[in-house]
Amino acid sequence: MGQLAVNLFTTLDGSAEHPDRWHAEYFDADMGKAVDAHIMRCEGYLMGRVLHDAWAAYWPQAEDPFAEFINRIPKYVLSTTLDASPWENTQVLRSMDEVRTLKERTAGWIGMSGSLATLRGLLTAGLVDELNLLIDPVIVAGEQKWTDGLDGQSFTVAAHQTLSTGAQHLILRPE
């Protein structure tokens, strides 16, 4: 059975809605290595519809190492409103049960980034096996937090690393 690992840029207060506004100064070679370790083990990549729409419009034309990865890997978009994806090698999943079936038929890791509503749904359904938080040492008010609505969720710390910018790389496993 496959495992689902979520990679998320976040802040000390759990903000994660607009990392493009606060994250750049914390992304360096150390953080790049952490992100690479996450994506290089993935056999598939899951996302919500909003992230899918943004990435499907950008990555097929982009030329960088992440574009090479994300364009070739099997992709899955969790959506009740999308019928099909124009992005090559992308399948639409309609429910958490379909995500569970995907995990059952995948031998290795399925990755995921962003997609806060999708992340909360997956955590609530017990489908996340690993949460890789890249925590920037900043507080950002007024954004959605990845923790919104997740009362009672417990995690075990599997690994922790302080990166050169002061950001924290925390690997959590839901209990």
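Cut-offs and rules
- Residues numbered from 1 in each chain as written.
- Predicted model: local features only at pLDDT ≥ 70, side-chain atom pairs only at ≥ 80, totals over all residues.
- Heavy atoms only, no water.
- UniProt positions renumbered as here; feature names shortened; annotations may be inferred.
- Helix = DSSP H or I, 4+ residues; strand = E, 2+ residues; numbered from the N terminus.
- Buried < 20%, exposed > 50% of the residue type's maximum accessible area, 1.4 Å probe, protein only.
- Lys, Arg positive; Asp, Glu negative; His and termini not counted.
- Salt bridge = Lys/Arg side-chain N within 4 Å of Asp/Glu carboxyl O.
- Polar contact = N/O pair within 3.5 Å; in protein donor to acceptor, adjacent residues only side chain to side chain.
- Contact = heavy atoms within 4.5 Å.
- 1 Å grid on protein atoms, 1.4 Å probe; cavity = no way out; pocket = protein on both sides within 12 Å on 5 of 7 lines; lining within 4 Å.
- Points joined across faces, edges and corners; volume = space filled by probe spheres on them.
- Nonpolar A, V, L, I, M, F, W, Y, C, P; charged D, E, K, R; others polar.

J.: With reference to specific residues and values, describe the UniProt feature "domain: Bacterial bifunctional deaminase-reductase C-terminal" (unreviewed entry) in the protein chain.
T.: The UniProt entry lists residues 5-166 under the feature "domain: Bacterial bifunctional deaminase-reductase C-terminal" (unreviewed entry), expressed in the numbering used here. Taken as a whole, residues 5-166 contains 30% helix and 26% strand, while its terminal C-alpha atoms sit 23 Å from one another.

J.: Can you lay out the side chain of K75 for me, pointing to particular residues and giving the numbers?
T.: Residue position: K75 is located in strand β3 (residues 75-78). Among buried charged residues, K75 stands out as having no salt bridge; its nearest opposite-charge side chain is E88, 7.2 Å away. Separated by 3.0 Å, the side chain of K75 and the backbone oxygen of I73 make a polar contact. Ignoring any residue separated from it by four or fewer positions in sequence, one finds K75 in contact with Y45, M47, I70, W87, E88, N89, T90 and Q91.

J.: Now, about the layout of surface pockets: what can you tell me, with residues and values included?
T.: Looking at the largest pocket, its volume works out to about 980 Å³. Around the largest pocket, the lining is made up of 33 residues, and of these P19, L51, W55, S113 and G114 lie nearest the centre. Element by element, the count of residues in the lining of the largest pocket is highest for helix α2 (residues 49-58), at five residues. The residue inventory of the lining of the largest pocket, partitioned by class, reads 18 nonpolar, 11 polar and four charged. Reported here for the second largest pocket is a volume of approximately 150 Å³. Forming the boundary of the second largest pocket are F27, G32, V35, D36, I39, M40, P65, F66, E68, F69 and R72. Of all the secondary-structure elements, those providing two or more residues to the lining of the second largest pocket are α1 (29-40) and α3 (65-72). The residue inventory of the lining of the second largest pocket, partitioned by class, reads seven nonpolar, one polar and three charged.

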